[in-house]
Amino acid sequence: MKEECGIFGVIGLKDAANFVALGLHALQHRGQEAGGIVAHDPEQGFNNARRFGYVRDNFTSHKVMETLPGPLAIGHVRYSTAGSKGQTSIRDVQPFFGEFSMGGAAIAHNGNITNADALRRELTDRGSIFQSSSDSECILHLMARSLQRNIPERMEDALRRVEGAFSVVAMTRTKLIGVRDPLGVRPLVLGKLGDGYALSSETCALDIVGAEFVREIEPGEMVVITDKGVDSSSPFRKRKSRFCIFEHVYFSRPDSILGGRSVYETREAIGRELAKESPVEADLVCPVPDSGTPAAIGYSLQSGIPYAMGIIRNQYMGRTFIEPTEQIRNMGVRLKLNVNRALIKDKRVILVDDSVVRGTTSRKIKEMILDAGAKEVHFRIASPPTAWPCFYGVDTPQREKLLAATMSEDEMRDHLQVDSLKFISLDGLYRAVGETNGRDPKSPQYCDACFSGEYPVEPADMIQKGFQMKTAAE
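Read on for a plain summary of the structure. What you are looking at is a predicted structure, and each value in this text was computed from that prediction instead of being measured.

1. Quick look at the overall build of the protein
For the protein, the count of helices and strands is 18 helices and 23 strands. Scaling as 2.2 N^0.38, a compact globule of 474 residues should have a C-alpha radius of gyration of about 23 Å, and the protein matches this with 23 Å. Expressed along its principal axes, the backbone C-alpha trace of the protein runs to roughly 70 × 55 × 45 Å. Counting every position in the protein, which comprises 474 residues, the buried fraction comes to 57%.

What follows is the structure in C-alpha cells.
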C-alpha cells in the first residue's frame, strides 16, 4: 500500500516557503511522486512551483526557492490516489490555485472525495473547466460557485458538498486555513513557530522546523489563522470521530504523536499484543525494515526471543532507480533489502511486518531468508488481514488483488509457503492503540474499513462503478 499525501502550511514568517520545504521533506514518506509549494508575497502576489520527484531534489535549490517569497505558503507531497494513477501530469500536482472575485486562493488536500465523479459531472454541466484529473480540484470549483461573502465561508460551503475523507490546508492573501472532515479520518495538527503558525499532517514535520506542537485540529473543525491569531469554528454537523487506524500501524512516521499517543510506542504495543496472541518457538525476531521494526521490538520484549536485524535495508534505494534490463528488474526486493546471512543461518526466524497486501513482497522475502539458510520462517503481521480497498486517500489495489479477500489465513500461509502465518486480531489492534476493551462492533472507534469492510462514508462513485459493499452475511 502506498501512503496518501502530506500537507504543510506556514504563516507569519519571513520566507515561509523555506519552512514549508523543510516540513514537506519530513512528510516525504506520505508521498514521493511529486510536490508543490504556493507562496504569497504582498508585493509579488502568488507564486507557485510544482515538480516531480523528491523534495530534496527540487526544493533545496536557491534558484527555485527565491521564486517563492513571502510570509505565507502551503505545500503538498503526493501519491496519485485519484486521477491518472501512474501517469500523472504536472497539472495534477497540488497545491491548486484559483482567482476568485475577492482574490486568489490555493488549496492542498490529503484524503479522497468519494463523490468526486458526481460533483465533477455537475460542475462541468454548469460550465466549469477542469485543469486536472484530481478530485481535489472539485473543491476550488465549488468555492468559485459559492455565493458566500469571503473565501473561508466559500470553503465551508464547498466542503459541505464533499463526501469522503479530507484534511485541507489552504491560503488566501492574508489567511492560512486548516480543515478536517467531520469524521477526522486523516490527521492535521497546529504548531506555533516564533510569531507565526504552522499546519501539518504530522507532528514530526513541526519538529523539523522547530515549531511547538499546540494541538490537533479537531474532526469537523476549521481554523482560520491571520496575524491576529487563530480563529476556530465547527461548520459541519457533529459526528463521532473515525480516525484511520492504519495511520497508527503504518502511514505515520514513528516519531510522530497521534491522538496524544507516540506512534512508536503504539507500534511496540502492537508487537507485544501479537506475541501474546500468536506465540511461537523460535531463535530470532527480525523486522521487515523499516515499518516492521517497532512491532518486532515489542514482539521480542514480550516473548523474550532475541531481536536481530536479520534483514538490512539499502538506505540509498530511491523509487527512481534505473532498471535497464529484465535481469535487474527481476532482482526486485533484493535491490532494497538484503539478508544478514551470518545471523540467519540455521535459525528459526520470526519475521514481523506491518501488513500483507498482495503477498508478492512477503513471498520474495521468505525466499531470501530460506536461501540464507534459515531452518524455519514464521510470519507475524502487525495488522489484521487487509481484505478491503481504502477509498479515503490510500492507494490500495482492487479487492480481487488483495490476498486476504480471496484466501483464509491458512490458505495465505500455504500460498506464502511459510511455517506459520498469524495476523494480529482487530480487537488486539484496538487494545494496542489504547482501547482496553477492544473494538466496539456497534460503534467502532476508528475507521478500519480496509480490515472490516465497514465503510463510515459510503463510497458513492465506486458503488456506481460496480463495487460491492459488505453484506450482512460477511
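2. Some details on the side chain of His109
In this structure, His109 sits in strand E6 (residues 103-113). At a separation of 2.7 Å, a polar atom in the side chain of His109 contacts the side chain of Ser136. Beyond its immediate stretch of four places on either side in the chain, His109 contacts Cys5, Ile7, His76, Gln94, Asp135, Ser136, Ile139, Ala165, Phe166, Ser167 and Val168.

3. Description of the environment of Gly438
Position of Gly438 relative to the elements: it lies in the loop between helix H16 (426-432) and strand E23 (446-447). Taking relative accessible area as the criterion, Gly438 reaches 4% and is therefore assigned buried. Sequence separation of Gly438 and Ser425 is 13 residues, and the distance between their C-alpha atoms is 9.7 Å. What Gly438 contacts, discounting residues up to four positions off in sequence, is Asp427, Tyr430, Arg431 and Gln445.

4. Focus: the sheet that holds strand E11 (residues 212-216)
A sheet is described by the order of its strands in space; here seven strands give the open sequence E3-E2-E4-E1-E10-E9-E11, paired in antiparallel fashion. The open sheet has two edge strands, strand E3 (45-52) and E11, and neither has a second partner. Each neighbouring strand pair of the sheet contributes to a mean axis angle of 15 degrees, computed without reference to strand direction. Sheet topology note: the strand E2 (residues 34-41)/E3 ladder contains eight bridges and is antiparallel. Each bridged residue has a counterpart across the sheet, and for Ile37 the counterpart in E3 is Ala49.

Reading the values: the criteria
- Residues numbered from 1 in each chain as written.
- Predicted model: local features only at pLDDT ≥ 70, side-chain atom pairs only at ≥ 80, totals over all residues.
- Heavy atoms only, no water.
- Helix = DSSP H or I, 4+ residues; strand = E, 2+ residues; numbered from the N terminus.
- Rg over C-alpha atoms; globule rule 2.2 N^0.38 Å.
- Buried < 20%, exposed > 50% of the residue type's maximum accessible area, 1.4 Å probe, protein only.
- Polar contact = N/O pair within 3.5 Å; in protein donor to acceptor, adjacent residues only side chain to side chain.
- Contact = heavy atoms within 4.5 Å.
- Pairing = 2+ DSSP bridges.
- Axes fitted to C-alpha atoms, helices over the stretch in contact; angles between N-to-C directions.

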